[in-house]
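# Remarks on the overall topology
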Amino acid sequence: RQEVKPELYNVLSLEFSNTALSEHVQSPSLVRDIDWASSWPDERKNRTVTFDKEGNFTTTHNYPRVENYCLMSPNSCYTDFHIDFHGTSVWYHVKKGKKIFWIVEPTDNNLVLYDEYLKAADNRAFFGDIVTQCELVEVKPGSTLIIPSGWIHSVFTPQDSLVFGGNFLHSRQVQMQLKVLASENRIKINKKYRYPHSEETVFFFISEIVRRVTKREYIRPESRNQQNAYKEYCGVLFRDKKLHRRIPIEKNYADDGIVWDDKWPETKEYEISKAKLAEFDDEKEEKVVLNANGLEEEIDEEDGAMPLLSPKKDITVRKGNWDGGRSVRISPPWPHPLPSSSPSLYLSLVQFNLDAGVGATMMHTLPLSKNEPALHMDEDVLKEAIHPLAVPQLESLVVYFLNKNKVDLPHGLTRPNSLLQCFMKLLRKRRWMAECEGKYPELEPCILPDDDESRRIYEVKKEEEKKREADRKRKMEKRKAIEEGEEGE
C-alpha cells in the first residue's frame, strides 16, 4: 500500500552525466549511435565553476547535458500533456516502481488542438478526451520506452518510482523537430526550458559527417590543457581519471588557472598544429579582402600555408561591401586558434577564416568563392553516414539555416558557409545514389536551393539586416530626441 504524502516533490531535471552515477547508468546504445550531441568534440567539452560567498559551487557546461536524467517521483505525481523541448525524442527506463503514459500522435490536427489546449490556462479537461485517439502505455521495472519526436504525452506515477531517461536529437525526424522549435519560438518559451546549445550541436554534427565523407575539417584543434578560473576540460579523459567525483574547492580555481600535477594528452591534430604554428613569423598578419560581390579576391598560393591566426597579432579583415567597406581589427579570442595541420584540414586562408562562433552571426549565408576547391567524397562512407530516408529530413535542416538571419555557431568552426554548401553536395549525392538503387521511390522531392538561389537568399537576408539596422538607428535617434527634449524642459 502506497503512503499518502501531504506534499509531492517530483524530481524531473537532475542531469547526472558528469557525476559518479554515470559510471553505472548510460543511455541505450541505439540512442548513443544516432544522438547529434555525440558529435560534440571531446576536447571542446568544458565547464565553468563558480563559487558563492559561502564557498558553494555551481557548474555551467558549454555543451548540451540532456542525455542522462535521474527522475525520482513519489506516488500520485502527474505531469500534464507536453512535448519535449525542441521536439527531442526521449528514452525512459524504469528501475523501480511504475510509470503510466498517455501518448498522442503529433498529427497536424492534434498539434492544433494541443496549441489550443495550452492557451486555455484554466482548462481542466483531459487532453486525451479531446483528441480522436490516445494510447495508454504502462512501463514496469526493467522496461525501456522511447517516445518519438513531437509525440504529445502525459505521465502518471502510481508507485514511488526511480527512472532514468534522456533527450536526443537525430536525423530521422528533423522536420518534426523544426516544427516543435517553431512552436516554441511562437509562444516564446524561455531559453532556460529549451534544448541547450542546439544550433552549435547541429553544426558539430554536420562538420563530423563532412569530415568522415570528404576528409575536410572545419573545426580548429583545441588544447585540453587550458584550464583557468572560467574554463575546465571535462570530457572522456576527465571521467576516466574519476575527476567527476571530485568536489570543486575554491582555492583550486584561482584567477591564475587550475594547476594539476598531470597534463591532459592532446589530440594529434592539436600537436601537429602547434608545431606548425612555430614555423611562422609572429609579425605576419592575415588579410582577407572581399570584393563588391562579397567574394574574396584572389589569394597568392604562397600565402595559403600561413597560419590562420597568429597568437600575438590582431587580424585585419576588410569586409568590403558586406557591411559598408569597413576595415575591422579583431583580436583573436582566447584560446588562440591554430593553423591547419595538413592539406585535408579545410582551414585555408579564405574569407572570414577567423572563428565564426562569436555569438549570433550571418556568416553561414555568405556566398562561396569561385575558387572553391573541388570536393572529393568517399561514397562508401557516405552511404554509411546518411540513410536515404534521412536525406529529405536533413535537406529541411539546411534550408532552415539558410533562411535564418543569424545562427549561433560553435567556437572553433571556420567558414560555416562552405560547410553548409559542402553538406548540401553530400545530400544531393546521397539522394542520387538512393535513386539509382531504386529502393526508396517514396523520397520527398529535393528542396535544396541551387547556387543562384543560395545567392538570392543571401542578398534578401542582407537587405533585411540593413532594414533592421536602419530601424534600430531611427528608434535610437527618436529616443535621444525625446530625452533631449525632456532635459530642455
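Now for a quick tour of the structure. (Residues numbered from 1 in each chain as written. Predicted model: local features only at pLDDT ≥ 70, side-chain atom pairs only at ≥ 80, totals over all residues. Heavy atoms only, no water.)

### Here we look at helix α2 (residues 108-119)
The cut-off we apply is this: Helix and strand assignments follow DSSP, with helices taken as H or I runs no shorter than four residues and strands as E runs no shorter than two, numbered in order from the N terminus. How far a helix is expected to stretch is found by multiplying one less than its residue total by 1.5 Å. Exposure classes here rest on a 1.4 Å probe applied to the protein chains alone. A residue is buried below 20% of its type maximum, exposed above 50%, and partly exposed in between. The arc in question is the one traced by the directions running from the helix axis out to the C-beta atoms. In what follows, a contact means two residues having at least one pair of non-hydrogen atoms within 4.5 Å.
Between its first and last C-alpha, α2 extends 17 Å over twelve residues, near the 16 Å set by a 1.5 Å rise per residue. All of the buried residues in α2 are Asn110, Leu111, Tyr114 and Tyr117. Looking straight down α2, one finds that the buried residues subtend no more than 115° of arc, so they occupy a single side. Pointing more than 90 degrees away from the buried face of α2 are the exposed residues Asp108 and Lys119. Residues of α2 that are buried make contact with β5 (78-82), β6 (89-104), α3 (127-130), β9 (152-168) and α4 (174-186).

### Comments concerning the side chain of Asn18
Here is the rule: Polar contacts, as used here, are pairs of N or O atoms within 3.5 Å; protein pairs need one atom able to donate a hydrogen and one able to accept it. Residues neighboring in sequence count only if both atoms are side-chain atoms.
Tracing the backbone shows Asn18 in the loop between β1 (11-15) and α1 (29-34). Polar contacts involving the side chain of Asn18 include one to the side chain of Tyr63, which spans 3.4 Å. If we ignore the near neighbours within four places in the chain, the residues touching Asn18 are His61, Tyr63, Arg65, Cys234, Arg239 and His244.

### Looking at the packing of aromatic side chains
Using the following cut-off: Only the six-membered ring of Trp is used, alongside the rings of Phe and Tyr, when aromatic pairs are assigned; centres must lie within 6.5 Å, and planes under 30 degrees apart are stacked while those over 60 apart are edge-to-face, with the rest tilted.
Under the defined criterion, the tally for this structure stands at 15 aromatic pairs. Seen from their ring centres, Phe85 and Tyr195 are 5.9 Å apart, and the 90° between their planes marks the pair as edge-to-face. Of this pair, Phe85 sits in the loop between β5 and β6 while Tyr195 is found in the loop between α4 and α5 (198-214), placing the two residues 110 residues apart along the sequence. A relative accessible area of 5% places Tyr195 in the buried class. Ring centres of Tyr233 and Trp264 lie 5.1 Å apart, and the angle between their planes is 70°; this geometry places the pair in the edge-to-face category.

Note that every value here comes from positions in space, so none of it alone points to a role or purpose.
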